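The residues making up each chain are set out below.
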Amino acid sequence: LGPGLGDGNLHYHFLKDKSSPTYYVCSLTKDSDGSTIKGNKKLDISTCTDISNSIQGVFNPLQRIMYYATPDKIYAVNVLQAAGNVATPVFDLAAQVSASGDKITNMQLYQQAWYNLQSDNPAMTPIETNNKQLVVTTYNEQSGEGKIWLLPITNLETGALGTAKTIPGFGEITCISTLPK
């Protein structure tokens, strides 16, 4: 359901067991010279709220939070605190839209194009929103309208999100990507 880099250069994967209703976050680490990747931790998150309806998960290299999206909500869960598998709802689409029928179709962390590959280049400076906002797309099958939602991450510890900015006027959005400046 989604791979990504997390805090401390851990590689995370959001996985569903095909043979059972079990969901995991698995972390991988590299050895000091980067030549070997090995398993680090496997966290069962099956009891997280609405996890069985998740469509996608994303991780952030600045935090220990995994965001997962269902068709109408986004949740944040701390991937290091396994106890209780508490997921906090951080975005409710139904509270944001007046028209019924809108569904979340895609979610990703905004990452500045090329920055992660060239972050040691002094000419490449990060913009303020690099790794600090979610880009979410929605689609309404009845109206045929797609929207892009920009959700600023306001608290890296809890995963809280700020006020959404909406960009309407699309059909169904099948892919989102960033371009270099």
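Residues numbered from 1 in each chain as written. Predicted model: local features only at pLDDT ≥ 70, side-chain atom pairs only at ≥ 80, totals over all residues. Heavy atoms only, no water.

So, the overall build of the chain
Regarding its fold elements, the chain presents one helix and 12 strands. Shown N-terminal to C-terminal, the secondary structure of the chain runs as helices and strands in the order β-β-β-β-β-β-β-β-α-β-β-β-β. Considering only intrachain contacts with a sequence separation of at least 6, the fraction spanning at least 24 residues in the chain is 46%. Surface exposure of the chain reaches about 10000 Å², of which carbon and sulfur atoms provide 51%. (Helix = DSSP H or I, 4+ residues; strand = E, 2+ residues; numbered from the N terminus. Contact = heavy atoms within 4.5 Å. Areas by Shrake-Rupley, 256 points an atom, 1.4 Å probe, with all protein chains shown as cover.)

Examining the pattern of salt bridges
Side chains that differ in charge, positive against negative, can pair when their charged atoms come close. Summed over all chains, the structure comprises two salt bridges. One salt bridge in this structure joins lysine 147 and aspartate 102, with 3.5 Å as the shortest N-O distance. Of this pair, lysine 147 sits in strand 11 (residues 145–152) while aspartate 102 sits in strand 9 (residues 102–109), and the two are 45 residues apart along the sequence. Residue lysine 147 is classed as buried on the basis of its relative accessible area of 15%. (Salt bridge = Lys/Arg side-chain N within 4 Å of Asp/Glu carboxyl O. Buried < 20%, exposed > 50% of the residue type's maximum accessible area, 1.4 Å probe, protein only.)

Examining the nonpolar core
Proteins that are soluble and globular tend to have nonpolar side chains buried together. Within the largest apolar cluster, 18 residues are counted, with the highest numbers of intra-cluster contacts made by Tyr67, Ile74, Phe91, Met107, Leu134, Val136 and Leu161. For leucine 161, the residues in contact, after removing those within four places along its chain, are Tyr67, Val90, Phe91, Leu134, Leu151, Pro152, Ile153 and Thr154. Among the nonpolar cores identified, the runner-up in size contains 16 residues, and Tyr23, Val25, Tyr75 and Ala87 belong to it. (Core = buried A, V, L, I, M, F, W, Y, C linked by side-chain atoms within 4.5 Å.)

Focus: empty space enclosed by the protein
On inspection of all chains with the given rule, the structure shows one cavity of 30 Å³ or more. Around the largest cavity, the lining residues are Tyr12, Val25, Ser27, Lys41, Leu43, Val79 and Leu80. Contributions of two or more residues to the lining of the largest cavity are made by strand 3 (23–30) and strand 4 (37–44). (1 Å grid on protein atoms, 1.4 Å probe; cavity = no way out; pocket = protein on both sides within 12 Å on 5 of 7 lines; lining within 4 Å. Points joined across faces, edges and corners; volume = space filled by probe spheres on them.)

Points about the sheet that holds strand 10 (residues 133–140)
Strand order in this open sheet of four strands is 9-10-11-12, and the pairing throughout is antiparallel. On the outer flanks of this sheet lie strand 9 and strand 12 (165–170), each paired with one strand and no other. Between one strand and the next, the sheet's axes are offset by a mean angle of 20 degrees, whatever the strand orientation. Judged from the eight bridges that link them, strand 10 and strand 11 form a sheet pairing that is antiparallel. Residue pairing across strands places valine 135 opposite leucine 150, the latter belonging to strand 11. (Pairing = 2+ DSSP bridges. Axes fitted to C-alpha atoms, helices over the stretch in contact; angles between N-to-C directions.)

Quick word on the packing of aromatic side chains
One pass over the structure, following the stated rule, counts four aromatic pairs. Between phenylalanine 14 and tyrosine 23 the ring centres are 6.3 Å apart and the planes differ by 35 degrees, which places this aromatic pair in the tilted class. The two residues phenylalanine 14 and tyrosine 23 agree in class, both being buried. Between phenylalanine 91 and tryptophan 149 the ring centres are 5.6 Å apart and the planes differ by 65 degrees, which places this aromatic pair in the edge-to-face class. One end of the pair, phenylalanine 91, is in strand 8 (residues 87–92); the other, tryptophan 149, is in strand 11, and 58 residues separate them in sequence. The pair formed by phenylalanine 91 and tryptophan 149 is uniform in burial state, with each residue classed as buried. A cation sits over an aromatic face here: lysine 42 above tyrosine 24, 4.4 Å from the ring centre. (Phe/Tyr/Trp six-rings, centres within 6.5 Å; stacked < 30°, edge-to-face > 60°. Lys NZ or Arg CZ within 6 Å of the ring centre and 35° of its normal.)

A closer look at the pairing of strand 3
A large share of strand 3 lies buried, amounting to six of its eight residues. Where strand 2 (residues 11–16) and strand 3 come together, six bridges link them in antiparallel fashion. Along strand 3, the bridge assignment pairs tyrosine 12 with serine 27. In sequence, strand 2 turns back onto strand 3 through a hairpin of six residues. Alignment of strand 3 against strand 4, held across seven bridges, turns out to be antiparallel. Paired with lysine 30 across the strands is isoleucine 37, a residue of strand 4.

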